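# Structure at a glance
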Amino acid sequence: MDNKIVLITGATSGIGKACARKFAKEGWDLILNARNASKLEKLIYELEVEFPKVVTWSFLCDVRSRKKIEASLEELPPEWAEIDLLINNAGLVIGVDKEFEGSLDEWDIMIDTNIKGLLAMTRLVVPGMIERGRGHVINIGSIAGDAAYPGGSVYCATKAAVKALSDGLRIDLVDTPLRVTNIKPGMVETNFSVVRYRGDKEAADNFYKGIRPLTGDDIAETVYFAASAPEHIQIAEVLLMPTNQATGTISYKKK
Ligand code: NDP
Ligand code: 8X3
């Protein structure tokens with residue numbers, strides 16, 4: 001295959017979907033991961049309508065299932081196995097509870113997805129990149145990884161882990177041509193807040209009241225900027241937020 005290959009986890013919504021559209025537009029071939037079959041089917045249909053030349057491969061699996069990820073990657077046809085860019089995007093927040101009150105089960109979901117899923121993908125994809133002498137890992141971290149905020153304790157901890165894993169991987173790969181980037185968005189209006197407020201759309205909408213949030217497309221442009229930088233430039237981190245957000249603390253947004 002002549003085009004570059006990008007693998008995007010959690011590609012059916014928000015930032016992942018915007019990345020799929022951006023990289024399709026730029027002529028990359030796409031490996032799309034999702035955990036919902038009908039959303040994945042819809043995404044591929046939409047991409048094929050908008051970008052008739054797009055070439056896709058997809059695999060359905062929850063990134064929390066290490067065995068399924070492993071099997072899905074082993075099943076990649078040889079022409080798809082040479083992944084140039086891994087975008088570790090799948091992730092979520094559930095609830096705004098205090099650390100002494102929240103649900104251990106919900107915390108497990110966040111930790112298993114945002115940290116362990118990302119780590120498993122990295123562990124499975126990077127060795128091939130090293131062998132081929134080229135590759136880039138872009139992690140979707142968050143401003144939430146820079147400092148904890150009220151109601152965000154566990155989510156913020158997962159994104160702090162994404163920062164440490166990005167920095168650690170960059171250190172481990174320093175004598176290779178591979179690059180590692182941690183993109184750290186502030187408030188982006190996607191389905192993210194609906195999940196944070198456990199399906200309460202009104203609460204999610206209120207979260208963005210009075211400010212103009214970033215969009216998935218804004219983040220996809222930044223991801224593409226990092227991916228398309230000249231090979232000697234490693235964009236290690238990007239912190240971006242809406243003009244009316246000042247810090248990672250959600251209560252510090254414009255009133
Ligand atoms: P969305 O909820 O719109 O999209 C999240 C995507 O991840 C969905 O496609 C979802 O699938 C998928 N996903 C969730 N859990 C899993 C899993 N276990 N296995 C596979 N896929 C999964 O939110 P965003 O696009 O905003 O979030 C994407 C990333 O960006 C996350 O890592 C998030 O932490 C990060 N981020 C978001 C910010 C924001 O303000 N929106 C700010 C900073 C970072 P499904 O549709 O099936 O649920
Ligand atoms: C989410 C960013 O600012 O909405 O990762 O908590 S914020």
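Our subject is the structure listed above.
The sections below set out a description of the structure shown in this document. Bear in mind the structure is a predicted one, so any value in this text is a computation, not a measurement.

The next subject is the overall build of the protein. Secondary structure summary: the protein contains nine helices and seven strands in total. In terms of C-alpha radius of gyration, the protein reaches 18 Å, essentially the compact-globule figure of 18 Å for 255 residues. Principal-axis analysis of the C-alpha atoms gives the protein an extent of 50 × 40 × 35 Å. Classification of the 255 residues of the protein by burial places 49% in the buried group. For the protein, the proportion of contacts with a sequence separation of at least 24, taken over those separated by at least 6, is 73%. For the protein, the exposed surface amounts to about 12600 Å²; the carbon and sulfur share of it is 53%. Placing the 31 positive and 35 negative side-chain charges of the protein at their respective mean positions leaves the two points 5 Å apart.

Strand order in this open sheet of seven strands is β3-β2-β1-β4-β5-β6-β7, and the pairing throughout is parallel. Of all the strands in the sheet, the pair left with one neighbour each is β3 (56-60) and β7 (237-240). Averaged over all adjacent pairs, the angle separating strand axes in this sheet is 15°, with direction ignored. The sheet contact formed by strand β4 (residues 85-88) and strand β5 (residues 136-140) spans four bridges and is parallel. Counterpart to asparagine 88 in the pairing with β5 is asparagine 139. Helix α6 (residues 153-172) contacts β5, β6 (179-185) and β7 of the sheet and is inclined by roughly 160° relative to β6.

On to the site of ligand 2, then. Surveying the vicinity of ligand 2 reveals eleven residues, the closest of which are Ser142, Tyr149, Tyr155, Arg196 and Gln245. Between ligand 2 and tyrosine 149 there is a distance of 2.4 Å, counted from an oxygen atom to a side-chain nitrogen or oxygen. Contact with the protein chains covers 95% of the free accessible surface of ligand 2, which is 250 Å². Broken down by class, the residue content of the shell around ligand 2 amounts to seven nonpolar, three polar and one charged.

For the rest of this paragraph, the subject is the side chain of glutamate 106. Structurally, glutamate 106 can be placed in helix α5 (residues 104-132). Here glutamate 106 falls in the buried class, since its relative accessible area comes to 18%. A polar contact is formed between the side chain of glutamate 106 and the side chain of arginine 198, at a distance of 2.8 Å. Contact partners of glutamate 106, with chain neighbours within four places excluded, come to Ile94, Asp97 and Arg198.

The next subject is the pairing of strand β1 (residues 5-8). Look at any regular strand and the pattern is simple: side chains alternate between the two faces of the sheet. The alternating pattern of β1 places Ile5 and Leu7 on one face and Val6 and Ile8 on the opposite face, and all of these are buried. Across four bridges, β1 lies against strand β2 (residues 29-34) in parallel orientation. In the sheet register, isoleucine 5 faces β2, and the bridge partner there is aspartate 29. In this region the chain leaves β1, passes through helix α1 (residues 14-25) and returns to the parallel neighbour β2; the handedness of that crossover is right-handed. Note: β1 against β4, three bridges, orientation parallel. Bridge pairing in β4 places isoleucine 8 opposite isoleucine 87.

Cut-offs used in this document
Residues numbered from 1 in each chain as written. Chains lettered and ligands numbered in written order. Predicted model: local features only at pLDDT ≥ 70, side-chain atom pairs only at ≥ 80, totals over all residues. Heavy atoms only, no water. Helix = DSSP H or I, 4+ residues; strand = E, 2+ residues; numbered from the N terminus. Rg over C-alpha atoms; globule rule 2.2 N^0.38 Å. Buried < 20%, exposed > 50% of the residue type's maximum accessible area, 1.4 Å probe, protein only. Contact = heavy atoms within 4.5 Å. Areas by Shrake-Rupley, 256 points an atom, 1.4 Å probe, with all protein chains shown as cover. Lys, Arg positive; Asp, Glu negative; His and termini not counted. Charge placed at Lys NZ, Arg CZ, Asp CG, Glu CD. Pairing = 2+ DSSP bridges. Axes fitted to C-alpha atoms, helices over the stretch in contact; angles between N-to-C directions. Near = heavy atom within 4 Å. Polar contact = N/O pair within 3.5 Å; in protein donor to acceptor, adjacent residues only side chain to side chain. Nonpolar A, V, L, I, M, F, W, Y, C, P; charged D, E, K, R; others polar. Right-handed = clockwise from strand over helix to strand, strands pointing away.

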